[in-house]
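Chain by chain, the residues run as shown.
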There are 2 protein chains.
Amino acid sequence: MPVNLQAPNPLDLAPVAGVTLGIAEAGVRKANRKDLVVVRLEEGTAVAGVFTQNRFCAAPVQVCREHLAAGSAVRAIVINTGNANAGTGADGLARARRTCASLATLMGVAPEQVLPFSTGVIMETLPVERIEAGLPAALADLQPSHWGRAAEGIMTTDTLPKAASRQLTIGGKTVNVTGISKGAGMIRPNMATMLGFVATDAVIAPGLLQPLVKAAADQSFNRVTIDGDTSTNDSFLLIATQRAGHAAITSLSSEEGQALQAAVFEVSRLLAQAIVRDGEGATKFIAVQIDGGRDEAECKLAAYAIAHSPLVKTAFFASDPNLGRILAAVGYAGITDLDQSLIEMHLDDVHVVTQGGRHTAYREEDGQRVMKQSEITVRVDLKRGAATTTVWTCDLSHDYVSINADYRS
Amino acid sequence: MPVNLQAPNPLDLAPVAGVTLGIAEAGVRKANRKDLVVVRLEEGTAVAGVFTQNRFCAAPVQVCREHLAAGSAVRAIVINTGNANAGTGADGLARARRTCASLATLMGVAPEQVLPFSTGVIMETLPVERIEAGLPAALADLQPSHWGRAAEGIMTTDTLPKAASRQLTIGGKTVNVTGISKGAGMIRPNMATMLGFVATDAVIAPGLLQPLVKAAADQSFNRVTIDGDTSTNDSFLLIATQRAGHAAITSLSSEEGQALQAAVFEVSRLLAQAIVRDGEGATKFIAVQIDGGRDEAECKLAAYAIAHSPLVKTAFFASDPNLGRILAAVGYAGITDLDQSLIEMHLDDVHVVTQGGRHTAYREEDGQRVMKQSEITVRVDLKRGAATTTVWTCDLSHDYVSINADYRS
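Rules used in this analysis
- Residues numbered from 1 in each chain as written.
- Chains lettered and ligands numbered in written order.
- Predicted model: local features only at pLDDT ≥ 70, side-chain atom pairs only at ≥ 80, totals over all residues.
- Helix = DSSP H or I, 4+ residues; strand = E, 2+ residues; numbered from the N terminus.
- Buried ≥ 20, exposed ≤ 12 C-beta atoms within 10 Å, placed from the backbone.
- Contact = placed C-beta atoms within 7 Å.
- Pairing = 2+ DSSP bridges.
- Core = buried A, V, L, I, M, F, W, Y, C linked by C-beta atoms within 7 Å.
- Axes fitted to C-alpha atoms, helices over the stretch in contact; angles between N-to-C directions.
- Nonpolar A, V, L, I, M, F, W, Y, C, P; charged D, E, K, R; others polar.
- Domains from an automatic or database assignment.
- Parallel < 35°, antiparallel > 145°, perpendicular 65-115°, else oblique.
- Left-handed = near helix turned anticlockwise from the far one by under 90°.
- Least-squares fit on C-alpha atoms with pLDDT ≥ 70 in both.
- pLDDT = per-residue confidence, 0-100.
- Expected span 1.5 Å × (residues − 1).
- Arc of directions from axis to C-beta.

Asks: Even after reading the chapter, I still don't get the overall build of chain A, so can you show me in this structure?
Replies: Helix and strand content of chain A: 11 helices and 15 strands. For chain A, the spread of C-alpha atoms along the three principal axes comes to 70 × 55 × 40 Å. Evaluated residue by residue, chain A yields a buried proportion of 60% over its 409 residues. Partitioning the contacts of chain A with sequence separation of at least 6, the portion at a separation of at least 24 is 81%.

Asks: What is the right way to look at the pairing of strand β10 (residues 285-293) of chain B in this model?
Replies: On any regular strand, side chains alternate: one points to one face of the sheet, the next to the other face. All names here are of chain B. Relative to strand β14 (residues 375-381), β10 runs parallel, the two sharing seven bridges. Paired with valine 288 across the bridge in β14 is valine 378. Of the strand pairs in this sheet, β10 and strand β15 (residues 387-394) are connected by seven bridges, and their pairing is antiparallel. Residue pairing for β15: glutamine 289 is matched across the bridge by threonine 390.

Asks: Which parts of the structure should I look at to understand the nonpolar core?
Replies: Buried together is how nonpolar side chains tend to be arranged in soluble globular proteins. A:Ala302, A:Ile306, A:Val330, B:Ala302, B:Ile306 and B:Val330 are the most contacted members of the largest nonpolar core, which has 281 residues in total. Those residues within four positions of A:Val330 in sequence are excluded, and the remaining contacts are A:Ala302, A:Ala305, A:Ile306, A:Ile343, A:Val380 and B:Phe56.

Asks: Help me understand the sheet that holds β15(B) in this model?
Replies: Pairing between the strands of a sheet comes from backbone hydrogen bonds, and it takes one of two forms, parallel or antiparallel. All names here are of chain B. Across the sheet, which stays open at both edges, the six strands sit in the order β13-β12-β11-β14-β10-β15 with mixed pairing between neighbours. Looking at the sheet topology across the chains shown, the edges are occupied by β13 (357-358) and β15. Two elements, strand β12 (residues 350-354) and β13, share two bridges in a ladder whose sense is antiparallel. Looking at β13, one finds that valine 353 is bridged to arginine 358. The sheet strands contacting helix α7 (residues 296-308) are β10, β14 and β15, and the helix crosses β15 at an angle near 25 degrees.

Asks: Hey, could you run me through the interface of chain B and chain A in this one?
Replies: By convention, interface size is frequently given as the accessible area that disappears when the constituent parts associate. Contacts between chain B and chain A engage 57 residues on the former and 57 residues on the latter. Of all the elements in the fold, those that place two or more residues in the side of chain B that touches chain A are α2 (89-107), α8 (310-317), α9 (324-331), β13 and α11 (398-406) of chain B. Top element by residues in the side of chain B that touches chain A is α9(B). It accounts for seven residues. Per-class residue counts for the side of chain B that touches chain A are 24 nonpolar, 24 polar and nine charged.

Asks: Honestly, the domain arrangement of chain A in this entry has me stumped. Any pointers?
Replies: Residues and elements named next belong to chain A. Splitting chain A by domain gives domain 1 (10-275) and domain 2 (285-406). A straight line from the C-alpha centre of domain 1 to that of domain 2 covers 33 Å. Taken together, the contact between domain 1 and domain 2 spans eight residues of the former and 10 residues of the latter. Looking at the side of domain 1 that touches domain 2 residue by residue, the classes come out as two nonpolar, five polar and one charged.

Asks: Where do I start with the sheet that holds strand β13 (residues 357-358) of chain A in this structure?
Replies: Within the open sheet, the six strands sit side by side as β13-β12-β11-β14-β10-β15 (chain A). Their pairing is mixed. Of all the strands in the sheet, the pair left with one neighbour each is β13 and β15 (387-394) of chain A.

Asks: Which parts of the structure should I look at to understand the packing of helix α2 (residues 89-107) of chain A against helix α3 (residues 128-140) of chain A?
Replies: Two numbers describe a pair of packed helices, the interaxial angle and the distance between the axes. Residues and elements named next belong to chain A. For the pair α2 and α3, interaxial distance at closest approach is 10 Å and the crossing angle is 30 degrees. Overall, the two elements α2 and α3 adopt an arrangement that is roughly parallel. The two elements α2 and α3 cross, and the hand of that crossing is right-handed. Mapping the contact onto sequence places Arg95, Arg98, Thr99, Ser102, Leu103 and Leu106 in α2 and Val128, Ile131, Glu132, Leu135, Pro136 and Leu139 in α3. Looking at the contact of α2 with α3 residue by residue, the class counts come to seven nonpolar, two polar and three charged.

Asks: Just checking my understanding: could you explain the relation of the copies chain B and chain A for this structure?
Replies: The pair of chain copies shares a relation made of a rotation about an axis and a shift along it. Between chain B and chain A, which share one sequence, the superposing operator has a rotation angle of 180 degrees and an axial displacement of 0.0 Å; the RMSD is 0.0 Å. Read as a symmetry element, the transformation amounts to a two-fold axis. Using C-alpha coordinates, one finds that chain B approaches the rotation axis most closely at B:His398, a distance of 2.8 Å.

Asks: Honestly, the pairing of β12(B) in this entry has me stumped. Any pointers?
Replies: All names here are of chain B. Where strand β11 (residues 344-347) lies against β12, three bridges are found, and the strand directions are antiparallel. By the bridge assignment, histidine 346 is partnered in β12 with histidine 351. Between β11 and β12, which pair antiparallel and follow one another directly, the connecting turn spans two residues, one of which, aspartate 348, has a positive phi of 50 degrees. In textbook terms, the turn of a hairpin is the stretch between consecutive antiparallel strands, and for β12 and β13 this stretch comprises two residues, one of which, glutamine 355, has a positive phi near 45 degrees.

Asks: How should I be thinking about the confidence of the model for chain A in this particular structure?
Replies: Low pLDDT means the predicted coordinates in that region are not meant to be read closely. Residues of chain A with pLDDT of at least 70 account for 98%, and the chain-wide mean is 91. Per-element averaging of pLDDT across chain A places strand β8 (residues 194-200) of chain A at the bottom with 81 and α3(A) at the top with 98.

Asks: Even after reading the chapter, I still don't get α2(A), so can you show me in this structure?
Replies: Given 3.6 residues per turn, any residue in an α-helix points the same way as the ones three and four places further on. Compared with an ideal rise of 1.5 Å per residue, which puts 19 residues at 27 Å, α2(A) spans 28 Å between its outermost C-alpha atoms and is within 8% of the ideal. Those residues of α2(A) that fall on the buried side of the exposure criterion are A:Gly92, A:Arg95, A:Ala96, A:Arg97, A:Thr99, A:Cys100 and A:Leu103. In the core, the buried residues of α2(A) are packed alongside β2 (36-41), α1 (59-70), β4 (76-83), β5 (114-121) and α3 of chain A together with β13 of chain B. Once α2(A) ends, the next one or two residues include A:Gly108, with phi positive near 75 degrees.

Asks: What is the right way to look at the environment of A:Gln62 in this model?
Replies: Residues and elements named next belong to chain A. Relative to the helices and strands, glutamine 62 resides in helix α1. Among the residues examined, glutamine 62 registers 19 C-beta atoms within 10 Å and is labelled partly exposed. If near-sequence neighbours (up to four positions away) are discounted, glutamine 62 is found in contact with Cys57 and Leu93.

Asks: I keep staring at the environment of A:Ala73 and nothing clicks. Help me out?
Replies: Residues and elements named next belong to chain A. Of note, alanine 73 is situated in the loop between α1 and β4. By the C-beta count within 10 Å, which is 15 here, alanine 73 ends up partly exposed. Once the C-alpha coordinates of alanine 73 and valine 312 are considered, the two residues, 239 residues apart in sequence, prove to be 46 Å apart. Apart from the residues within four sequence positions on either side, alanine 73 is in contact with Glu43 and Gln113.

Asks: For this particular structure, what's the right way to read helix α11 (residues 398-406) of chain A?
Replies: Residues of α11(A) that are buried include every one of A:Tyr400, A:Val401, A:Asn404 and A:Ala405, and no others. One face of α11(A) carries all of its buried residues, which in axial projection span an arc of 120 degrees. The inward-facing, buried residues of α11(A) contact α8 and α11 of chain B.

Asks: Hey, could you run me through unusual backbone geometry in this one?
Replies: Backbone geometry at A:Gln355 places phi at a positive 45 degrees, although glycine is not the residue there. With respect to the secondary-structure elements, A:Gln355 resides in the loop between β12 (350-354) and β13. Assessed through the 14 C-beta atoms surrounding it within 10 Å, A:Gln355 is described here as partly exposed. Backbone geometry places B:Asp348, a non-glycine residue, at a positive phi of 50 degrees. With respect to the helices and strands, B:Asp348 occurs in the loop between β11 and β12. Accessibility expressed as a C-beta count within 10 Å gives 17 for B:Asp348, which makes it partly exposed.

In structure tokens:
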């Protein structure tokens, strides 16, 4: 039951010159399931990525890092669902490399020019033969218009495909920014989420791509959480095909650089929020905004303490303004010298807490009214400084338990 | 549905000379509920406590700290359920002080000789008049044998009262150690839990009591977690009435000191584990043991990452050996230089992971067999050093969501 999220209309997803996408049914875990996606990138495309900080990072994440570090021009991306190829040791690495080599052979490029991605169950052997057998069908399916199909092809427990697209004009030329993402559980990206791909045909100095993808992740995927579980496979890739025909952007602080950055941020944020809106069992979309921190780090401590508290999340599920649970989470967030007597809290427009205690004007029915909404903003002011942050999360419902108690069966 | 936990037989709870306990129905939140407990301590009793590190600590916790710091001889404890008196600002502090003053007047002692404790809903005004009205009945109920009744009187979402008792002999004299605890949700004590009380009639130098209560908390309440939510009211008190008649213990490392410490540790651990066994919605009791850490701190990081992961906890609920989720939690625990290729994992006697990947001899049915048990030990070896730790937790079930979505209604 996604929260205010619809499947994207394929017609709304602008093709990006230089990118084609194809999918296939490889039967990685289950038959008759679109579980293999290939993205082909034309020559001259620049790629940058950010990956999970989980120390148990998956084999494909390790191979992606190697291939990007090698500096070869990336020409293809291959993504399978049904198996994360994580917790698989040296054998998993070999299988991820073999996937790249097989696709490279079919495409006539070097193995280092292929980036592999996997998502699904952890600690099971990747059936690489099935992926190899599915590659020709995925290649035959390559089309510039297949962004919507690709968004479907990377789904696991997602109930809807996730995609977003924006257009802007640079130097009189139309520039497209289109991306897809997936994820509904094991979502607390620490760098990027499993999986996000954003492509643009903008012409941009390749050296600007890494800071841009890092900044985009920090404004989007690194601000969402569903269950606090940082995945072994989180990956977020920014692709610039350089084909829009305008003069190259050589600085992100130029007017054109700022315009492109804004579009990339917006597409990334929509994709990240789509993951929360489709969070496992989610019935509510919640923005947690912390103001008045000394620095962003302590704002994040408080925001994530609230966003991860099972007690807070079940209260949202119940539409129960049991808001003391939010104060308790702020209190244990790890801000050791926090002065509780300064804290202010609002629930949307309702002033709930002042000077660390219940506001005398606060009425239960006002809290109740807001808690019944499907979109809610919790705003806590720490009154210690000028830093602020916002993270997005969802509630914890019976369906979250059902989905995760049944996931493998 | 508590896991392997029975209500204590009152006959098994040894009275502690110098301690009497009485309960009453004060109607703090609901009528016809035993919600007020008074514990009377005879002259000469020494008391030490540890309290929540939550910066939003409750008013009674602040008053306890003040009264203990003042150094007056503690003569009474007063505990109410139904209202936590937390997130209540200056007004909450005044109400906690008034509770102490009223009981002190009735007992003919000073207000500083009373320690107040509250547990229940956060951010609601404490109905101190109802507590005052209930105090005479609680005082009239005082008996040395009322440990079981007191354990009932401090319950909130607990389904069973929690108490434990041990006897030992020091210098030919029988020494009693008896305690009670409560708690089933908002349980991730950081110092002590809400609420634990252990009393002994041992004769012990008062200066030894604070290190003993701290050590006991670290071996018991500070090692359990249900939902990762550190309460605003966690409190753990150790009471020594000095009446057993043996020569005073002047060192915890003496033979007698070690014997008493062992008994206090055991009673504390049983009380702490009882809280997990009665965890909200719990169907399984899980010990998470981390070996091979460089220090205890990193062992705790890994243990709590596993114990707090909603994905791990729902897999236990489902008896599903989806054990890659445990590896993922170890990976994001925050041990930044962890080498995944060294990790070993056992589930009870089953060797699941070797060198960071699935053990070739591991069979799904072996994992399944252990996961179906009501008591399970997860053992992860980080292979980095000699440090070790164990924490105790429970699974995450539909009933946890139901209980916390309905708690206030």
